[in-house]
Amino acid sequence: MFPAFLVTIFSSSSSSSSVDIYCRRFTLEIAVSSRQPTAHLTLLTPPWSLPKYFLLAPFCPLSSCIFLFAILNVLFNMSTINSSIRQIDDQSWLIEGSLLLCRQQISSSDLATWSDSNGGFYVLSSSSKPPSETQPLPDASEIQKVYDAGAVSAVWRVGEAFIKLKRLITPNATREHTTLQYLRNKQPLDFHIPDVYYYSDFGDRYLIVLGRVPGRTLNEIWYELGETKQQECVRRIAKICMELATWEGETISGVDGKRLTDQFLEKSTDEMSFYPGRLLENCKKIGMDCSSSVFYHADLGPGNILLDEMDGSISIIDWETVGYVPKDWIRTKFHCSSGMDLPERAGDTLPTDWRVRVARELARLGFREVVDEWVAWNTQLQEQHTIHSI
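Now for a look at the structure at hand. Everything numeric in this text was worked out from a predicted model, so none of it was measured.

The rules behind these values
- Residues numbered from 1 in each chain as written.
- Predicted model: local features only at pLDDT ≥ 70, side-chain atom pairs only at ≥ 80, totals over all residues.
- Heavy atoms only, no water.
- Helix = DSSP H or I, 4+ residues; strand = E, 2+ residues; numbered from the N terminus.
- Contact = heavy atoms within 4.5 Å.
- Buried < 20%, exposed > 50% of the residue type's maximum accessible area, 1.4 Å probe, protein only.
- Pairing = 2+ DSSP bridges.
- Axes fitted to C-alpha atoms, helices over the stretch in contact; angles between N-to-C directions.
- Parallel < 35°, antiparallel > 145°, perpendicular 65-115°, else oblique.
- Left-handed = near helix turned anticlockwise from the far one by under 90°.
- Nonpolar A, V, L, I, M, F, W, Y, C, P; charged D, E, K, R; others polar.

1. Examining the environment of Phe 367
Within the secondary structure, Phe 367 is located in the loop between helix 8 (353-364) and helix 9 (371-389). For the pair Phe 367 and Met 242, spaced 125 residues apart in the sequence, the C-alpha separation amounts to 8.7 Å. Beyond its immediate chain neighbours, meaning those up to four positions away, Phe 367 contacts Cys 241, Met 242, Lys 327, Ile 330, Arg 331 and Leu 362.

2. What to know about the pairing of strand 6 (residues 92-95)
By the alternation rule, side chains of strand 6 split into Ser 92 and Leu 94 and Trp 93 and Ile 95, which are all buried. Pairing geometry for strand 5 (residues 85-89) and strand 6, over 4 bridges, is antiparallel. Across the sheet, the residue bridging to Gln 87 is Trp 93, located in strand 6. Counted along the chain from strand 5 to the antiparallel partner strand 6, the turn is 2 residues long. Of the pairings in the sheet, the one linking strand 6 to strand 7 (residues 99-104) comprises 4 bridges and is antiparallel in character. The partner of Leu 94 across the bridge, within strand 7, is Leu 100. As consecutive antiparallel partners, strand 6 and strand 7 are separated by 3 residues, and within that stretch Glu 96 has a phi angle of approximately 55°, a positive value.

3. Quick notes on the packing of helix 7 (residues 328-336) against helix 8
What describes two packed helices is the angle between their axes and the distance between those same axes. One can describe the packing of helix 7 onto helix 8 by two numbers: an axis separation of 8 Å at closest approach and a directional angle of 155°. Taken together, the axes of helix 7 and helix 8 are roughly antiparallel relative to one another. In terms of crossing hand, the pair formed by helix 7 and helix 8 is left-handed. Two secondary-structure elements touch here, helix 7 through Ile 330, Arg 331, Phe 334, His 335 and Cys 336 and helix 8 through Trp 354, Arg 355, Val 358, Ala 359, Leu 362 and Ala 363. Its residues placed into classes, the contact of helix 7 with helix 8 shows 8 nonpolar, 1 polar and 2 charged.

4. As for the sheet that holds strand 17 (residues 248-249)
Taken together, the 3 strands give an open sheet; going across it, the order is 17-18-21, and neighbouring strands pair in antiparallel fashion. Both outer strands of the open sheet, strand 17 and strand 21 (322-325), are each paired with one neighbouring strand and no more. Across 4 bridges, the pairing between strand 18 (residues 293-297) and strand 21 is antiparallel. Along strand 21, the bridge assignment pairs Phe 295 with Tyr 324. Where helix 7 meets the sheet, its contacts fall on strand 18 and strand 21, and the angle it forms with strand 18 comes to roughly 30°.

Printed below as a string of structure tokens:
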């Protein structure tokens, strides 16, 4: 963690209470008491990646109220993503305050419906008059949160489907359901993709309900597989990358021409536009061959690849950061992204084993990489942000 700021808040309140607000970039603890109310901010990320007023406010004469107000204003709509599903009763739940999820014995032909794994069905519909009283999901709820990125995104397992809710980096981003439809139009494929049951935008948030795909993630089974099966998975993913790269686009973007939100290709600032022209300029600065753009799933980590050990089929999920990129980026991304690491485990196998082996196989297939150039470009950007933040 980075050094914390301490900010005093003047208050006439005589009550005592406290609240913690967790964000991807920092933690804010507010403690209000009659003697000395304080707000304690601990940075979880380098200072240059925060909005500038977050850095300047603690040193301003009027920082006490301004600083707190700015943070609360930013976090007000962000801090509740991971608690967006609330229970109404044992058979119904409220999502984002306006969607009604019910479990029933009969499916619906007009509404989003999927199996509950026990002979019943979940049915999703809009609620014009949502109930006024709801409760947080109990620990023993059949709706289980399987991924939690705090204010950024969350995923829940609901029967034979997953509900994903994320905060959009930019409103012009290509949506996952659009990419999945693009893939479905390209069938037959050498891998499975999830079915889409429902999707919707809620302001700066995007919700999608996806069907479960067969198999277990490589994160779960990698260390159980023998060397032969591990290398077979590596070869198959590299081959899939090569096949997808035969689909060309006109610019660096999503499949519909909207923004490809690959943060490794954008400047690390609080405002990332992901304009295709700017991504192209950045790729040229890095030294990529930008004469064409090819289709690529830019997050092929072991958590997004499932292997069905019964029939050997592969499924690929999480089609958010996907679109057309310079071909050089395909192999390079495996070198750059620690998000594609395996879970750590005691032994001789390093967490980087998966992405290092895929990158090596891509090299055998003729893919170039510009990882040294990317590191130099990214380091220069970080240094510039540090100087500007001082």
